[in-house]
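Overview (structure and organization)
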Amino acid sequence: MSESQARSMVTEPGLPGPARHADRGRTRSLAGDAWRDLRRNPIFWIAAVLVVVVLVMAAFPALFTAADPKSCALSNKHLGASGSAIFGYDFQGCDVYARTIYGARNSIEVGVFATLISGIIGLAFGLGAGYFGGWVDAVLSRVIDIVLGIPFLLAAIVLAKRLSHDPESNGVLAVTITLGVLGWTTAARVMRSSVIAAKTQDYVAAARMLGAGPARLMMRHILPNSVASFIVVLTILLGTNIAGEATLSFLGIGLKGDAISWGIAINEAGPYVRTAAGPLVWPSVFLAVTVLAFIMLGDAIRDAFDPKLR
Amino acid sequence: MTDIHAELDAIPGTDPYAPLLQVNDLHVEFRTRDGVARAVNGVNLYLRPAETLAILGESGCGKSVTAQAIMGILDTPPAHVTRGEVRYRGVDLLRLPERERRKVRANRIAMIFQDALSALNPVYSVGFQIGELFRVHRGMSRADAKRRSIELLDQVRIPAAKDRIGDYPHQFSGGMRQRVMIAMALALDPEVLIADEPTTALDVTVQAQIMGLLRELQHQRNMGLILITHDMGVVADVADRISVMYAGKVVEEAPVYDIYGRPAHPYTKALLESIPRLDFKGQQLNVIRGLPPALTDVPRGCAFNPRCGYAKEPCRRDPAPPAYNIAPGRTVRCHFWNEVAGV
Amino acid sequence: MTDVVLETKGLVKHFKAVQAVDGVDVKLRRGETLGIVGESGCGKSTLAKLLVGLEKPTAGSIMVRGQEMTGLRGGDLRRARRHIQMVMQDPYTSLNPRMTVGDIIGEPYEIHSDVVPRANRARAVQELLEIVGLSPDHINRYPHQFSGGQRQRIGIARALALRPEIIVCDEPVSALDVSIQAQVINLLESLQREFGLSYIFIAHDLSVVRHISNRVAVMYLGRIVETGVDSQIYERPTHPYTQALLSAVPVPDPRLRGHRRQIVLEGDVPSPADPPSGCRFHTRCFMAQPRCAEQDPILAIRERSDHPSACHYAEPRYLMA
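Each chain has its residues counted from 1, following the order in which its sequence is written. Here chains are named by letter from A upward and ligands by number from 1 upward, in the order in which they appear as written. This being a predicted model, a pLDDT of at least 70 is required before a residue's local features are given, and a value of 80 or more before pairs of side-chain atoms are given or counted; all residues contribute to the totals for chains, interfaces and linings.

Comments concerning the overall build of chain A
- Secondary structure elements follow DSSP: runs of H or I no shorter than four residues count as helices, runs of E no shorter than two count as strands, and numbering proceeds from the N terminus. Counting secondary structure elements, chain A contains 12 helices and 0 strands.
- Restricting to contacts in chain A with at least 6 residues of sequence separation, those with at least 24 account for 70%. The contact criterion used is a C-beta to C-beta distance within 7 Å, with each C-beta placed from the backbone.

Following this line, the structure appears as structure tokens:
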């Protein structure tokens, strides 16, 4: 039998395969499919719009209000809404609306950078523990357990105090580092189990058999297939860290000086809530909505990337 | 002890002369975001007492969905039975209220699955699970239920049944677990047993044991057996009649000797020619070109036509070929069956 | 002897207490297909992994084209891997879902960068796609856009990329539908003819193994219990396990009902962590004698058989009465 005869015997002519979508012809990746699903998901859009608005608010607060959050007149103390101060005035006579808008920046900054720090530490620990296994895993996992076991507030108080020696600073760095260093454990655990699951996949064995070294295995095969859950945990962590800053500031160990953040606003408005609820309520609402938006975003992305849900 | 049998015999519509099980024009759809999948597209089946009917087909042909529809265990949604009847002794199960249906399901029609490990509850002992059937459906005391359970395990040839009654599913090997599942299915003395790929996941020697056991139990109890599988060897060994399914329809139905000796449908014929056989060597494996269709996008006319060597113009046009009755007990959905059968 | 492309001697793999592979000798000649059959726990999957270097043997030697593989490291090991590749069982997990088909098939060229220069790699990958019967236009598609049979072809193309002499097929068609199995089996056979490949074909489906193999080895609990050419094993088996195995395989011909010798084994396969004394099969053997519990029979040609068998009482049994 000639070569071409043999080949034609086994070739599949272009017969209809398992058609799933009308646009079968276009090449589709997992990310492409995920995007298609996200596009259709109203929750994704709501969350995404909210996140974008908050980010713009943090970067360009002047777009939202012409008022100066720091120009406060005691004569305005606890006045209701008037003119552009749609949320009224707080106990120092500051424009609550302006303070809320300007407060976004510190809150978001702390949230984003703390998450970045947690992400890097978590990735390193998770990837290392998951890929190498054995005693490396044992050691790293024990470290994770130890950090996990430390009571958050206790550690936060200790760390924040130690890191904020400089009376001039506003404490953003200290809070960021505190949150970053204490919040990576869940991300590390998730990464570790994803890596362990990916490691046992047949395609990793296939690559090993082809002669791939550890670097290629990690970068090309394991990481791309284990990072989805990790990233989702990070988006949720982002929301948690923003709330965390608020907590620390509320407790008085967060931002200092005349820094503005939602946490500080809530902290200051607390004692006066009977007189004027606005200064407490509005920053809280912004905080809650932002955290919720990040969490919803994380959920939507996770679901879109989950091949099992297809 | 409630007299469940008298109760079930008295369900309105029961017809002592009707076949044990009769499926008429069954249609099951799955509504997914990719469209509507016609998993079962006009299936007719029947089963007589003590008979073995094999439903043969590859993955996606609708055989498991048919079985689940008969049992009434389809997930609705996304599955919807849109048309048809499933008559047990003349009574249409699809139109029975759920309470009655559940009684029929437990006591008259039973099912075993491919994967015993997921069909058995891992946190209860085997004795508890089997005993529960007796306690709940027959009102037996705990002691009686335990005794009957041990008897059952003996019947399915589990060695040292008395000692193993307290063991958990994971403590049994694959073949043993399958036997436990069979024991559970037979506990309430059903008249029909549906076996959905019961031996596909088992080693060949264990498969032989289990199929032998099923055959023996069937004869002892005069039970009807519906065997769902893709394995043409197993079918040749045990079946009396075969219904071959493709893309949601029964494309050929015949007694077993006729199917293997003189298949009348191109798909059946092509399948037989594509499997390697233990007793031959060096035959050319004939390939069926292409792939089975997606159930959301079944071809017009005969669903098999794009892959069929005998296809001609009428095959590509609607309506799909009807079930031609070519001999007693033989139907074929093919316009050109005489060509295929070489008649 | 230069005709022998693969040879193992006394290959052993123990996982802590489990003796998965316990002394296996295999010889594969150029252009031939050696089928390895056995049921679960017999060690054939572990054997496959040992042959391609996914597991390191506890003892014994593996020689590929005369070169000893055990003990190779680093660059030497990588280069040696070019000669022996594997096709895996599950087409749904053996391809990285995040890589395009072109990347998957082309990865061997990236790892062994001296085989095909970068400029020619895309061309080489497209050729491979054609060779296995897929359209070269699909080079940028992802695995989930293909059916099971097509994915298996991709796996075969990947195994073929480095033009190995030996391909270990580990249950390559078990996860496929019956009508697709024939396509892939035919493909494997035509590739063998075209490229002069030698196959180790591991499967539990005895009919498929018979179809594709020249010689067959039957494994039980980590050992080879019988080996011979296909007509010897399938028509004149001498080891009781082989005989039982063959009698258990259903044949798609109802006229044979009642005409085949039925040997039904009692009980389950013993655990590889605790194999029986003497002959490992004696606990389930229908011919067992007291000697079998004490003396472990070696794989050798016996008095009444023309091919090696590991049974003290080896005797051919014809299973079609």
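Now, onward.
Considering the overall build of chain B
- Helix and strand content of chain B: 13 helices and 12 strands.
- Atoms counted for the radius of gyration: C-alpha only. Globule rule: 2.2 Å times the number of residues to the power 0.38. Relative to its length of 343 residues, chain B is compact, with a C-alpha radius of gyration of 21 Å against a globular reference of 20 Å.
- Each principal axis of the C-alpha distribution contributes one length, and for chain B these read about 70 × 50 × 40 Å.
- The buried share among the 343 residues of chain B stands at 49%.
- Across chain B, the fraction of contacts at a sequence separation of at least 24, relative to all contacts at a separation of at least 6, is 65%. Here the C-beta atoms are placed from the backbone, and a residue counts as buried if at least 20 other C-beta atoms lie within 10 Å of its own, exposed if 12 or fewer do, and partly exposed otherwise.

Description of the sheet that holds strand E2 (residues 35-47) of chain B
Residues and elements named next belong to chain B.
- Here the rule is simple: two strands pair whenever DSSP picks up at least two bridges between them. The strand order across the open sheet built from 4 strands is E2-E1-E4-E5, with neighbouring strands paired in antiparallel fashion. The sheet is open, and its two borders are formed by E2 and strand E5 (91-92), each paired with just one other strand.
- Summarising the sheet, strand E4 (residues 79-88) and E5 pair through 2 bridges and their orientation is antiparallel. Looking across to E5, one finds that Tyr88 is bridged to Val91.

Topic: the confidence of the model for chain A
Residues and elements named next belong to chain A.
- Each residue carries a pLDDT score, the predictor's own confidence in it, on a scale running from 0 to 100. Across chain A, the average pLDDT comes to 81, with 88% of residues at or above 70.
- Within chain A, no element has a lower average pLDDT than helix H1 (residues 3-10), which sits at 34, and none a higher one than helix H5 (residues 134-149), at 94.
- Scored below 50 in pLDDT, residues 1-27 shows 37 contacts in the model against residues more than four places distant or in partner chains.

Details of the interface of chain B and chain C
- In this complex, chain B contributes 36 residues to the contact, which on the side of chain C involves 32 residues.
- For the side of chain B that touches chain C, the secondary-structure elements that each account for two or more residues are helix H8 (174-186), helix H9 (204-221), helix H10 (232-238), helix H11 (256-261) and helix H12 (266-274) of chain B.
- With 6 residues, the single largest contributor to the side of chain B that touches chain C is H9(B).
- For this classification, the nonpolar set comprises Ala, Val, Leu, Ile, Met, Phe, Trp, Tyr, Cys and Pro, the charged set comprises Asp, Glu, Lys and Arg, and every other residue, Gly included, is treated as polar. Partitioned by chemical class, the residues of the side of chain B that touches chain C number 18 nonpolar, 11 polar and 7 charged.

Some thoughts on the environment of A:Ala197
Residue and element names in this part refer to chain A.
- Along the polypeptide, Ala197 turns up in helix H8 (residues 185-199).
- The exposure class assigned to Ala197 is partly exposed, which follows from the 14 C-beta atoms found within 10 Å.
- Along the primary structure Ala197 and Tyr102 are separated by 95 residues, whereas in three dimensions their C-alpha atoms are 44 Å apart.

Observations concerning the sheet that holds strand E6 (residues 109-112) of chain B
All names here are of chain B.
- Ordered in space as E6-E7-E8-E3-E9-E10-E12-E11, the 8 strands form an open sheet in which the pairing is mixed. If you trace the sheet from one side to the other, it starts and ends with E6 and strand E11 (324-327), each paired once. When strand polarity is set aside, the average angle formed by the axes of neighbouring strands in this sheet is 20°.
- Alignment of strand E3 (residues 52-56) against strand E8 (residues 224-229), held across 5 bridges, turns out to be parallel. Paired with Thr52 across the two strands is Leu225, which belongs to E8.
- With respect to the sheet, helix H2 (residues 63-71) is in contact with E3, E6, strand E7 (192-196), E8 and strand E9 (241-246), its orientation differing from that of E7 by roughly 150°. Under this scheme, a helix contributes an axis fitted over its contacting stretch, all axes are lines through C-alpha atoms, and angles between N-to-C directions fall in the 0 to 180 degree range.

Some remarks on the nonpolar core
- Each nonpolar core comprises buried Ala, Val, Leu, Ile, Met, Phe, Trp, Tyr and Cys residues, the members being joined through C-beta atoms within 7 Å. Within the largest apolar cluster, 272 residues are counted, with the highest numbers of intra-cluster contacts made by B:Ala183, B:Ile226, C:Ala157, C:Val168, C:Ile200 and C:Val218.
- A per-element tally of this core places helix H10 (residues 214-251) of chain A first, with 14 residues.
- Each domain's extent was defined by an automatic or database domain assignment. A domain split of this core shows at least three residues from each of domain 1 (4-213) and domain 2 (237-309) of chain C.
- Not counting residues up to four positions away in its chain, the partners in contact with C:Val218 are C:Val37, C:Gly38, C:Ile224, C:Val225, C:Glu226, C:Ile233, C:His239, C:Tyr241, C:Thr242 and C:Leu245.
- Residues B:Ala264, B:Val332, B:Trp337 and B:Val340 belong to the second largest nonpolar core, which totals 5 residues.

Considering unusual backbone geometry
Residue and element names in this part refer to chain B.
- Of the consecutive residues Thr76 and Pro77, the connecting peptide bond is found in the cis state with omega at -5°.
- Along the polypeptide, Pro77 turns up in the loop between H2 and E4.
- Following Pro77, the chain continues to Pro78 via a peptide bond in cis, the omega torsion being 10°.
- One non-glycine residue, Ala247, lies in the positive phi region at around 50°.
- Inspection of the secondary structure puts Ala247 in the loop between E9 and strand E10 (249-255).
- What makes Ala247 buried here is the crowd of 23 C-beta atoms within 10 Å.

Here we look at helix H3 (residues 98-107) of chain B
- Those residues of H3(B) lying buried are B:Val104, B:Arg105 and B:Asn107.
- Lining the buried residues of H3(B) we find helix H1 (4-9), H2, E4, E6 and helix H5 (126-138) of chain B.

Focus on the packing of helix H4 (residues 96-132) of chain A against helix H7 (residues 172-182) of chain A
All names here are of chain A.
- Between H4 and H7, whose axes approach to 8 Å, the crossing angle comes to 40°. With respect to H7, the axis of H4 lies oblique. Considering how the two elements wind past one another, H4 and H7 form a crossing that is right-handed. Across the interface between the two elements, Asn106, Glu109, Val110, Phe113, Ala114, Ile117 and Ser118 from H4 touch Val172, Val175, Thr176, Ile177, Leu179, Gly180 and Val181 from H7.
- Residues belonging to the contact of H4 with H7 are distributed by class as follows: 9 nonpolar, 4 polar and 1 charged. Put simply, angles under 35 degrees are roughly parallel, angles over 145 are roughly antiparallel, angles from 65 to 115 are roughly perpendicular, and the rest are oblique. By definition, turning the near helix anticlockwise from the far helix through less than a right angle yields a left-handed crossing, and turning it clockwise yields a right-handed one.

Here we look at H4(A)
- What a helix is expected to span follows from its residue count: subtract one and scale by 1.5 Å. The terminal C-alpha atoms of H4(A) lie 52 Å apart, and with 37 residues this matches the ideal 54 Å at 1.5 Å per residue to within 8%.
- Roughly 30° is the biggest bend found in H4(A), and it falls at A:Gly103. Here the bend at a residue is taken as the angle between two axes, fitted respectively to the seven residues that end there and the seven that start there.

A look at the pairing of strand E2 (residues 18-29) of chain C
Residue and element names in this part refer to chain C.
- With 9 bridges connecting them, strand E1 (residues 4-15) and E2 associate as antiparallel partners. In the sheet register, Glu7 faces E2, and the bridge partner there is Lys27.
- Connecting the antiparallel pair E1 and E2 is a turn made up of 2 residues, with Lys16 showing a positive phi of about 45°.

Focus: the pairing of E10(B)
Residues and elements named next belong to chain B.
- Among the 7 residues in E10, 6 count as buried, and that is most of the element.
- Of the strand pairs in this sheet, E9 and E10 are connected by 6 bridges, and their pairing is antiparallel. Bridge pairing links Ser243 to Glu253 in E10.
- Between the end of E9 and the start of E10, which pair antiparallel, lie 2 residues, with Ala247 showing a positive phi angle near 50°.
- When E10 meets strand E12 (residues 330-332), the two strands line up antiparallel, connected through 2 bridges. Following the sheet pairing, Glu253 is matched in E12 by Thr331.

Quick look at the packing of H10(A) against helix H12 (residues 278-305) of chain A
All names here are of chain A.
- As a packed pair, H10 and H12 sit with axes 8 Å apart at the nearest point and diverge in direction by 175°. In terms of orientation, H10 lies roughly antiparallel with respect to H12. In this structure, H10 contributes Ala228, Ser229, Val232, Thr235, Ile236, Leu238, Gly239, Ile242, Ala243 and Ala246 to the contact, and H12 contributes Leu287, Thr290, Val291, Phe294, Ile295, Leu297, Gly298, Ile301, Arg302 and Phe305.
- Taken together, the residues that form the contact of H10 with H12 break down as 14 nonpolar, 5 polar and 1 charged.

A closer look at the environment of C:Arg79
Residue and element names in this part refer to chain C.
- Locating Arg79 in the fold gives a position in helix H2 (residues 74-80).
- The class of Arg79 is partly exposed, set by 14 C-beta atoms lying within 10 Å.
- The spatial distance from the C-alpha of Arg79 to the C-alpha of Ile263 is 47 Å, given a sequence separation of 184 residues.

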